[in-house]
Amino acid sequence: MGASVSRNSPCPCGSGRKYKRCCLAEGERAARAARFDDAVGRRIQDWSSKALGEEISAALKEFVGPDGTMDGDEFQIFATWFHNDRELPEGDTPARRYAARADLPERERAVAAGIADARLGFYRVIAVEPGSWLVIEDVVRGVRARVRSQIVSREAVRWDILLARVMEGDPLTLWGPTRFFKPCDEPELLAELERLAGASGNDDEAALTRAFHCHALELMRFRPPGWSVEPSFFTLEGD
């Protein structure tokens, strides 16, 4: 849209304002915010590589198993799982530990806390504005939300099921790797979630929500039994 609309023309969204003071300005603000989020995510990883070397080594052994190898997509899954879901021996996740540092500027602390709290969920795509927004519905809780997404929104279509992390903020955003599933996969996805939740003796809504954290790695690697050879689509939102 930005390449075909003059900065001083009326904004195509119909607001009555000039494009430069409406959707163009909003897009530029979103891009700056996304770059800052990514920079904080990289700093979290740089910090953990220095401060948590032994924990990373233990997590890698747990992640890769006996073969000891992983490709680029698996590295992104590992990095997000390690920082957001894998608890340290003293408690908290690496991302939460970073966000609690006393020396962080206020803005960085807020973004780091948002990254640390970005939890997995299954989301149904309700509407898409490619390159800008998604309207998604939590498959477990039925709650709808509008989230900013420059990358996933270019690939998603209505009724896709996403395994993704929603990061709190104004606006909401997506964080980390996102897996794409077809609408017909939903029963198998929910069955696997219920199986994992039931392992703790309960499969109510609260238990299903906890399962996304306690069994994040299993869910991020899950392949519905109905799949044959075709792989899932993988997109990275954020670092």
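Here we summarise the structure given alongside this text. On a predicted model such as this, the values are computed, not experimentally measured, just so you know. (Residues numbered from 1 in each chain as written. Predicted model: local features only at pLDDT ≥ 70, side-chain atom pairs only at ≥ 80, totals over all residues. Heavy atoms only, no water.)

1. Looking at the overall build of the protein
Here comes step 1: Assigned secondary structure in the protein consists of nine helices and six strands.
Here comes step 2: What you see for the protein is a C-alpha radius of gyration of 19 Å, in line with the 18 Å of a compact globule of 239 residues.
Here comes step 3: Considered along the principal axes of its C-alpha atoms, the protein spans approximately 60 × 45 × 35 Å.
Here comes step 4: Relative to its 239 residues, the protein shows a buried fraction of 45%.
Here comes step 5: Contacts in the protein between residues at least 24 apart in sequence constitute 56% of all its contacts with a sequence separation of at least 6.
Here comes step 6: For the protein, the computed accessible surface area is about 12500 Å², with 51% contributed by carbon and sulfur atoms.
Here comes step 7: Averaging the locations of the 33 positively and 39 negatively charged side chains of the protein gives two centres separated by 9 Å. (Helix = DSSP H or I, 4+ residues; strand = E, 2+ residues; numbered from the N terminus. Rg over C-alpha atoms; globule rule 2.2 N^0.38 Å. Buried < 20%, exposed > 50% of the residue type's maximum accessible area, 1.4 Å probe, protein only. Contact = heavy atoms within 4.5 Å. Areas by Shrake-Rupley, 256 points an atom, 1.4 Å probe, with all protein chains shown as cover. Lys, Arg positive; Asp, Glu negative; His and termini not counted. Charge placed at Lys NZ, Arg CZ, Asp CG, Glu CD.)

2. Quick notes on helix α8 (residues 205-214)
Here comes step 1: If you check which residues of α8 are buried, you get A207, L208, A211 and F212. Take α8 and look down its axis: the buried residues cluster within an arc of 155°, on one side only.
Here comes step 2: Where the residues of α8 are buried, they touch β1 (119-129), β4 (161-167), α7 (186-198) and α9 (216-221). (Arc of directions from axis to C-beta.)

3. Considerations on the environment of A95
Here comes step 1: Its location among the elements puts A95 in helix α4 (residues 94-99).
Here comes step 2: Among the residues examined, A95 registers a relative accessible area of 0% and is labelled buried.
Here comes step 3: When the C-alpha atoms of A95 and S48 are compared, they prove to be 8.6 Å apart, with 47 residues separating the residues in sequence.
Here comes step 4: Look past the residues within four positions of A95 in its chain and what remains in contact with it is I44, H83, A112 and A116.

4. Examining the pattern of salt bridges
Here comes step 1: Enumeration according to the criterion identifies 15 salt bridges in this entry.
Here comes step 2: E108 is the partner of R43 in a salt bridge, and the nearest nitrogen-oxygen pair spans 3.0 Å. With R43 in helix α1 (residues 23-51) and E108 in helix α5 (residues 106-116), the pair connects residues that are 65 residues apart, well separated along the chain.
Here comes step 3: Look at R43 and you get partly exposed, because its relative accessible area is 33%. (Salt bridge = Lys/Arg side-chain N within 4 Å of Asp/Glu carboxyl O.)

5. Quick notes on the pairing of β1
Here comes step 1: Sheet topology note: the β1/β4 ladder contains six bridges and is antiparallel. Across the sheet, residue G121 finds its bridge partner in β4, namely A164.
Here comes step 2: The pairing of β1 with strand β2 (residues 133-138) spans six bridges and is antiparallel. When the sheet's bridge partners are listed, V128 is paired in β2 with L134.
Here comes step 3: Hairpin remark: β1 followed by β2, antiparallel, with three residues in the connecting loop; positive phi at G131, about 85°. (Pairing = 2+ DSSP bridges.)

6. As for empty space enclosed by the protein
In this approach a probe as big as a water molecule rolls over the atoms, and the regions it shows empty are the leftover space.
Here comes step 1: The full count for this structure, using the stated rule, is two cavities of 30 Å³ or more.
Here comes step 2: Reported here for the largest cavity is a volume of approximately 80 Å³.
Here comes step 3: Lining the largest cavity are eleven residues, and of these Q45, H83, N84, I115 and W175 sit closest to its centre.
Here comes step 4: For the lining of the largest cavity, the secondary-structure elements that each account for two or more residues are α1 and α3 (72-84).
Here comes step 5: Here the lining of the largest cavity gets four residues from one element, more than from any other, and that element is α3.
Here comes step 6: No other element matches the three residues that strand β5 (residues 172-181) contributes to the lining of the second largest cavity.
Here comes step 7: Looking at the lining of the second largest cavity, its residues break down into five nonpolar, one polar and one charged. (1 Å grid on protein atoms, 1.4 Å probe; cavity = no way out; pocket = protein on both sides within 12 Å on 5 of 7 lines; lining within 4 Å. Points joined across faces, edges and corners; volume = space filled by probe spheres on them. Nonpolar A, V, L, I, M, F, W, Y, C, P; charged D, E, K, R; others polar.)

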